[in-house]
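Residues per chain, in single letters:
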Amino acid sequence: MSSAQLRFYAHLNDFIAHKRRQVTFEHRFSGSPSVKDMIESLGVPHTEVAQILVNESAVDFNYHVQDGDRISVYPVFEALDLPDALSVQPQNQPTHDTRFVADVHLGRLAAYLRMLGFDTLYPDDYRDEELARISSVEDRILLTRDRGLLKRRIVERGYAVRADDPWEQLAEVIKRFNLYDAIEGFCRCVTCNGVLEDVDKADILDQLSDRTIQYYDTFRRCTACGKLFWRGSHYEQIDQFVEKLQRER
């Protein structure tokens, strides 16, 4: 049986057995598996990986592991001191078109992302196969807590959400994809993900409560579903959250 020496860096250690974290360990294998298959067999989704070095040379996911290989696996967006002789572009690099699709367990996170202006689909009745297809066909980042879903070959961009609390999940995603400067609140429908447009208060008075008429003057309407929005307590709360994120970045 063949063997390879592996080392996972930074938050990739979240996915592997405790005794293998932050150390170089031996992994025995049969045949000549791809490095992608080997990494995922150890628990790490390929969507979390930015760079793979084999014997100090960069390889892509299709590299077939050989007996005696020394493999270093680095996460996305980590500022690490890599060897100079890199010949392959890192995997899973960010793009300026940051769009998401979230699985059924991340409804609150999806709503918060929409409140910050990010195009986020939340098809709460879709099976894993459809979520993976949407992510691939529409080039959307798949957000899920199901690590097995991220291991599907069709999924090229994804993130395994760690936290349970939706606010912590939001902070994770903003940090992971460096979205601080892309936040643009009050421009997307929280309900259906449609784009909001300005609407004159005088034209919608019959749709507002007396209290809303008294305290708010700026309104926007979803171009898709027609729902009205104004900067109420939910937006005030998320504005405070964003201010805190910006201070801590």
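Anyway, here's the lowdown on the structure attached to this text.

Thresholds applied
Residues numbered from 1 in each chain as written. Predicted model: local features only at pLDDT ≥ 70, side-chain atom pairs only at ≥ 80, totals over all residues. Heavy atoms only, no water. Pairing = 2+ DSSP bridges. Helix = DSSP H or I, 4+ residues; strand = E, 2+ residues; numbered from the N terminus. Axes fitted to C-alpha atoms, helices over the stretch in contact; angles between N-to-C directions. Salt bridge = Lys/Arg side-chain N within 4 Å of Asp/Glu carboxyl O. Buried < 20%, exposed > 50% of the residue type's maximum accessible area, 1.4 Å probe, protein only. Core = buried A, V, L, I, M, F, W, Y, C linked by side-chain atoms within 4.5 Å. Contact = heavy atoms within 4.5 Å.

The next thing to look at is the pairing of strand β11 (residues 219-222). Two strands pair when backbone bridges link them, and strand β10 (residues 196-199) and β11 are joined in this way by four bridges, in the antiparallel orientation. Across the sheet, residue Leu196 finds its bridge partner in β11, namely Cys222. Where β11 meets strand β12 (residues 228-229), two bridges bridge the pair, whose relative direction is antiparallel. The partner of Arg220 across the bridge, within β12, is Phe229.

What follows concerns the sheet that holds strand β4 (residues 57-59). Two modes of strand pairing occur in sheets, parallel and antiparallel, and in both the strands are linked by backbone hydrogen bonds. Reading across from one edge, β2-β1-β5-β3-β4 is the order of the five strands in this open sheet, with mixed pairing throughout. Among the strands making up the open sheet, the edge pair consists of β2 (25-29) and β4. On average, adjacent strands in this sheet sit at an angle of 35° to one another, irrespective of strand direction. Bridge count for strand β3 (residues 49-54) against β4 is three bridges, and the pairing is antiparallel.

Summed over all chains, the structure comprises 17 salt bridges. Between Arg28 and Glu26 there is a salt bridge whose closest N-O contact spans 3.7 Å. For Glu26, a relative accessible area of 38% puts it in the partly exposed group. We note a salt bridge from Glu138 to Arg140, for which the minimum N-O separation is 2.7 Å. When its relative accessible area of 28% is taken as the criterion, Glu138 is described as partly exposed. Residues joined in a network through salt bridges with shared partners are Asp14, Glu48 and Arg162.

In this structure, Phe100, Leu143, Leu170 and Val173 are the most contacted members of the largest nonpolar core, which totals 31 residues. Listing elements by their share of this core, those giving two or more residues are β6 (100-102), α2 (107-115), β8 (141-144), α5 (166-176) and α7 (233-248). Setting aside residues up to four positions removed in sequence, Val173 forms contacts with Phe100, Leu109, Leu113, Leu143, Tyr159 and Leu179. The next biggest cluster of nonpolar side chains, apart from the first, holds 30 residues, and it includes Leu12, Ile39, Val73 and Leu150.

In this structure, Ala10 is a non-glycine residue whose phi angle is positive, near 50°. The residue Ala10 is located in the loop between β1 (2-8) and β2 in this model. On the accessibility criterion, Ala10 (28% relative accessible area) is partly exposed. Phi is positive for Glu56, which is not a glycine, with a value near 70°. Tracing the backbone through its elements, the reader meets Glu56 in the loop between β3 and β4. What makes Glu56 exposed here is its relative accessible area of 52%.

Nothing here speaks to function; it is geometry throughout.
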